[in-house]
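If you want the building blocks of each chain, they are given just below.
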Amino acid sequence: MNAFPLINIEKESRRKWRIPLVVVVLAVVVAGSLWLNNSPFRSGFEITDELGGNIFPSSILSVATTDAQVIVPADSMYVGNPKSCIAVRVRSGKAYSRVRIEVAETPFFARSVSEFVLEKPRTEYTIYPDIIWNYEALKNINQAEPVSVAVTVELNGKSLGQRVRTFSVRSINECLLGYVTNGTKFHDTGIFFAAYVNEENPMIDQLLREALDTRIVTRFLGYQAGGPEAVDKQVYALWNVLQKRNFRYSSVSNTSLSSNVVFSQRVRTFDDALNSSQINCVDGSVLFASLLRAINIDPILVRTPGHMFVGYYTGSDHKEMNFLETTMIGDVDLEEFFPDEKPDSTVVGKTQNQMSRLTFDKSKEYANKKYKQNEEGIHSGKLNYMFLEISKDVRRNIQPIGK
């Protein structure tokens, strides 16, 4: 009979101890929560970017005066302007933490100080501080150069120290084709090819004057000149004047960039192509597209695996197109393009202008055929394919670069 009272005493004793224990645990949890919310994050910060430590002057210059955001942050939790390219990753402490970021001067940008408020507590943020670019220095870089970027960060008035990271500033001639985030997701940035289409280049007026001197056309009126035949005649006048400048095909297109994060293509600027009289398929396409834009004919850059050619709309309604193989502007063996026709047998005794017209027509024939063969892929959005109209909408996002 004494067993039951004994059991009751033990239960009562457990109840007395349980209440203080619960109070202690709750007090520890509350204190820990207050400490986490009010103490600064102590693990520092890191300098980061989306392009594997590479800075592309062409991508910076082409969007400097536009609202375009071509290179997008991989992390949605960010503040600042991603066009800065260089970022800082830091974890907030309490809610509405204040961050001060100082970026030291380099040959490519001036010293800058930026301040931000991080709303959420204990959250990792990617912060893009203001970068005051030296645009002239970016324009004039012809070969990749390393640059040390030094960043100092304060969080809620407490210094997190300084970090230094070395970036590679790429040549102005490197066009960013795309980049990979999270190891698998590819972002196509082929729109940057539009930066090398430079209808504003001062040399264009001289080329148009030379073209008018041929008397192939008396004026460049774009689509106002008439129908497709009038448009083609103007396009041929441009073709003819480039041939008279004795352009030569050059297959150089590789860059020194070795990366599994970013992919690029070497492209000569308008000035480089004219001064060297050398073009490959990309150089010739952007050069010709520049001239087309200058006379108000809407060009198209078409990319297939390993190749690019240029197109243009034959009317302002954009219903019909023609395409050109610009590598045929130079001294070309037509049999390489038409091995079954033996076309070189037809060139004997032809004048320079007759040869120019022949290669122009053959260029259209060859490029139109290539377009038809690859049309599905070109409009599929697949990797290594592109159909890029250099339209007013594109120009609102991507501006031409020059030297």
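Above this text sits the structure in question.
Residues numbered from 1 in each chain as written. Predicted model: local features only at pLDDT ≥ 70, side-chain atom pairs only at ≥ 80, totals over all residues. Heavy atoms only, no water.

> Explain the overall build of the chain to me, please; I cannot follow it from the model alone.
Each helix and strand in the chain was counted, giving ten helices and 20 strands. For the chain, the proportion of its 403 residues judged to be buried stands at 47%. Considering only intrachain contacts with a sequence separation of at least 6, the fraction spanning at least 24 residues in the chain is 69%. (Helix = DSSP H or I, 4+ residues; strand = E, 2+ residues; numbered from the N terminus. Buried < 20%, exposed > 50% of the residue type's maximum accessible area, 1.4 Å probe, protein only. Contact = heavy atoms within 4.5 Å.)

> I keep staring at the pattern of salt bridges and nothing clicks. Help me out?
Pairing between side chains of opposite charge can happen when their charged atoms approach one another. All told, the structure shown has 16 salt bridges when counted by the stated rule. The salt bridge involving Glu-102 is made with Arg-111; its shortest N-O contact spans 3.1 Å. Residue classification places Glu-102 among the partly exposed positions, given a relative accessible area of 23%. Judged by relative accessible area, which is 45%, Arg-111 ranks as partly exposed. Lys-362 is the salt-bridge partner of Glu-365, the closest N and O atoms lying 3.4 Å from each other. Placement of both Glu-365 and Lys-362 in helix α9 (residues 352-378) is noted, with a separation of three residues, approximately one turn of the helix. The exposure class assigned to Glu-365 is partly exposed, which follows from its relative accessible area of 37%. On the basis of relative accessible area, Lys-362 is assigned to the buried category, the value being 13%. The network of salt bridges with shared partners includes Glu-46, Arg-89 and Glu-124. (Salt bridge = Lys/Arg side-chain N within 4 Å of Asp/Glu carboxyl O.)

> Looking at this structure, how should I read the sheet that holds strand β3 (residues 78-80)?
Hydrogen bonding along the main chain pairs the strands of a sheet, whether they run parallel or antiparallel. Ordered by their spatial adjacency, four strands build an open sheet running β1-β4-β8-β3, and the pairing between neighbours is mixed. Each having just a single partner strand, β1 (45-48) and β3 make up the two edges of the open sheet. Going across the sheet, the axis of each strand differs from the next one's by a mean of 25 degrees, ignoring polarity. Sheet topology note: the β1/strand β4 (residues 87-91) ladder contains four bridges and is antiparallel. Bridge assignment links Phe-45 to a residue of β4, and that residue is Val-90. (Pairing = 2+ DSSP bridges. Axes fitted to C-alpha atoms, helices over the stretch in contact; angles between N-to-C directions.)

> How do you make sense of a nonpolar patch on the surface when you look at a structure like this?
A cluster of nonpolar side chains, contributed by Phe-186, Phe-263 and Leu-383, occupies part of the molecular surface with about 270 Å² of accessible area. Note that Phe-186 resides in strand β13 (residues 185-188). Since its relative accessible area comes to 31%, Phe-186 is described here as partly exposed. (Patch = residues over 30% accessible without salt bridge, like charges linked within 9 Å, V, L, I, M, F, W, Y side chains within 5 Å. Areas by Shrake-Rupley, 256 points an atom, 1.4 Å probe, with all protein chains shown as cover.)

None of this, on its own, says anything about what the molecule does.
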